[in-house]
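Each chain is listed here by its residues.
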Amino acid sequence: MARLVLCLLNIFWVMTGTSTQTQSSCSISSDQLPWVNSLQVQMEESATSSAFPNPSILIAMNLAGAYDLEVQKLLTFELMASNAADLTSGQLALNIMALTSSCRDPGNKISVLQKQMENWSPPKPNDATGFYGSSLAILALCQKNPETTLSSAMRFAKILLASSSSLNVDTEAVAILALTCMYNKIPIGSDASYRVLFSQVIKSLVENISRKIKDDGIIGDIYSTGLAMQALWVTPEKPTKAWDCKKTMDTVLKEIKQGKFDNPMSIAQILPSLKGKTYLDVPHVACIPDNEVQPTVPNNPNPVPTAASDITVTYTINNQLRGVDLLFKVTTEVSVKSGSTLLAVLEEAQRKSPVFKFETTMTSWGPVVSSINNIAENVNHRTYWQFLSNKTPLKEGVAYYIPFNLEHILANFTEY
């Protein structure tokens, strides 16, 4: 009898544990596929030149079907060698998912993450990203052992439901993916309260996301749309307002052709959706044997380059948070070639005057400015350097944002 119950339980988990919804209306047509393939090649090539092994890139490669198997192996071995004690819960969760997608045993990383979630403290009020890492943790643990994750997921869901924080789209999307995984894998015979709670939280998150769908189909902003698409595909609780998936995909493809996705991390987040995959598919990736023939890298289109002319950018650095001796607001004008990144503007300003000296820290999203004029970000003080264009926060990092002529860029030392 026990064996029969276990067999039925395994069948139930197999049936409900995968992303089964087919989004035929959202599929990429054959004439658009070269643009998507070009993005993937660009993302894979970035991995060889980065000192930061990015698990999100490996996940995207494996879900989409890797072209460069050597890059795939390199990322896999680098992540296997990482020290779990040095990683946050979100980083550790992505490492586990990346290794799982490469059919590798994450080893003690799972038990370390389980312990982190047992000791997890809720984020502070009004922290829009505080639930992001814990959502990834629940998702990764659900995919490895949903039964032992139930209690942590229950506590996470209750805290999330009671939270007054206004979450961003990325966080809401990952939370939906995590709780949908748990919802799908609740063992038969479990208390009905699990399913009721998970359903209630998912419904609330889905409605929040649906209110952020713009007229052109973009969800939040162009860079949060990929994760949001995954969430809306798999959720068991559909939004009250119907989502036009095709409109979203058409707009994303338009943005791709305009060169919006040049950051490897932004590609990693949109690529699974472009290939009809979600993070719930991670445990079901069919891995290629080591002796398999290397796939052919496609010959793909790229945006046509234009002749570069000089542009002028006004650049202001502003700090009004620290002691009187350190307060400043300084403006300069710099000339750079059209098409240059914001990083080039900062470098030219620094060359002109030491007051614009800056330092960067490497992250999975590329270099982030961590210090300007000897004023450094501080996690304990909840401060960072925020970049704005005419009072609007930039959505891309300094290594990827392309300023336009006569634009005014403000670097403002800010509390969050």
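Residues numbered from 1 in each chain as written. Predicted model: local features only at pLDDT ≥ 70, side-chain atom pairs only at ≥ 80, totals over all residues. Heavy atoms only, no water.

Participant: Help me out: how do you make sense of the confidence of the model for the protein chain in this one?
Facilitator: When pLDDT drops low, the exact placement of atoms in the prediction is not to be read closely. With 87% of its residues at a pLDDT of 70 or more, the protein chain shows a mean pLDDT of 88. Of the regions scoring below 50 in pLDDT, residues 1–22 engages in 28 contacts with residues more than four places distant in sequence or in other chains. (pLDDT = per-residue confidence, 0-100. Contact = heavy atoms within 4.5 Å.)

Participant: Would you mind going over the sheet that holds strand S1 (residues 310–319) with me for this structure?
Facilitator: Picture the strands of a sheet paired through backbone hydrogen bonds; they go either parallel or antiparallel. As summarised here, the arrangement of the 5 strands in space is S2-S1-S8-S6-S7, forming an open sheet in which the pairing is mixed. Of all strands in the sheet, those bounded by a partner on one side alone are strand S2 (328–337) and strand S7 (392–393). Across 10 bridges, the pairing between S1 and S2 is antiparallel. Looking across to S2, one finds that Ile 317 is bridged to Val 330. (Pairing = 2+ DSSP bridges. Helix = DSSP H or I, 4+ residues; strand = E, 2+ residues; numbered from the N terminus.)

Participant: What should I look at first to understand the sheet that holds strand S3 (residues 358–363) in this one?
Facilitator: As summarised here, the arrangement of the 3 strands in space is S3-S4-S5, forming an open sheet in which the pairing is antiparallel. Where the open sheet ends on each side, the last strands, each with one partner, are S3 and strand S5 (375–376). Summarising the sheet, S3 and strand S4 (residues 366–372) pair through 6 bridges and their orientation is antiparallel. The residue of S4 that forms the bridge with Met 362 is Pro 367.

Participant: Just to check I follow, could you spell out the state of the cysteines for this structure?
Facilitator: Each disulfide is one covalent bond, formed between the sulfur atoms of two cysteines. All told, the structure shown has 3 disulfides when counted by the stated rule. In this model Cys 103 forms its disulfide with Cys 287; the gap between the sulfur atoms is 1.8 Å. Taking the torsion about the sulfur-sulfur bond, which here is approximately 95 degrees, the covalent link between Cys 103 and Cys 287 counts as right-handed. Remark: Cys 287 occurs in the loop between helix H13 (264–274) and S1 and Cys 103 occurs in the loop between helix H5 (89–101) and helix H6 (109–118); sequence separation between them is 184 residues. You can call Cys 103 partly exposed: its relative accessible area is 48%. Here Cys 142 connects covalently by a disulfide to Cys 181, the sulfurs 2.0 Å from one another. Looking down the S-S bond of the Cys 142 and Cys 181 bridge, the torsion is -95 degrees, so its handedness is left-handed. Of this pair, Cys 142 sits in helix H7 (residues 132–144) while Cys 181 is found in helix H9 (residues 169–184), placing the two residues 39 residues apart along the sequence. You can call Cys 142 buried: its relative accessible area is 0%. (Disulfide = S-S within 2.5 Å. Buried < 20%, exposed > 50% of the residue type's maximum accessible area, 1.4 Å probe, protein only.)

Participant: What is the right way to read the nonpolar core from this model?
Facilitator: A general trend in soluble globular proteins is that nonpolar side chains are found buried together. Counting 95 residues, the largest nonpolar core has Phe 198, Ile 219, Phe 261 and Leu 274 as the members making the most contacts within it. Here the element with the most residues in this core is H9; it accounts for 11 residues. Discounting chain neighbours no more than four positions away, the residues touching Phe 261 are Leu 39, Gln 42, Ile 222, Tyr 223, Val 252, Glu 255, Ile 256, Ser 266, Ile 267 and Ile 270. With 25 residues, the next largest nonpolar core counts Ile 311, Val 313, Val 345 and Ile 409 among its residues. (Core = buried A, V, L, I, M, F, W, Y, C linked by side-chain atoms within 4.5 Å.)

Participant: Explain the environment of Lys 73 to me, please; I cannot follow it from the model alone.
Facilitator: On the secondary structure map, Lys 73 appears in helix H4 (residues 69–80). Taking relative accessible area as the criterion, Lys 73 reaches 25% and is therefore assigned partly exposed. Residues Lys 73 and Leu 58, spaced 15 residues apart in sequence, show a C-alpha to C-alpha distance of 9.4 Å.

Participant: How do you make sense of the pattern of salt bridges when you look at a structure like this?
Facilitator: For side chains bearing opposite charge, pairing can occur when the charged atoms are close. Counting across every chain of the model gives 8 salt bridges. Two residues, Lys 73 and Glu 70, come together in a salt bridge whose shortest N-O distance is 3.9 Å. Of this pair, Lys 73 and Glu 70 both sit in helix H4, 3 residues apart, roughly one helical turn. In this structure Glu 70 comes out as exposed when scored by relative accessible area, which is 52%. Residue Arg 351 is joined to Glu 348 by a salt bridge in which the shortest nitrogen-to-oxygen separation is 2.6 Å. Of this pair, Arg 351 and Glu 348 both sit in helix H14 (residues 342–352), 3 residues apart, which is roughly one turn of that helix. You can call Arg 351 exposed: its relative accessible area is 62%. (Salt bridge = Lys/Arg side-chain N within 4 Å of Asp/Glu carboxyl O.)

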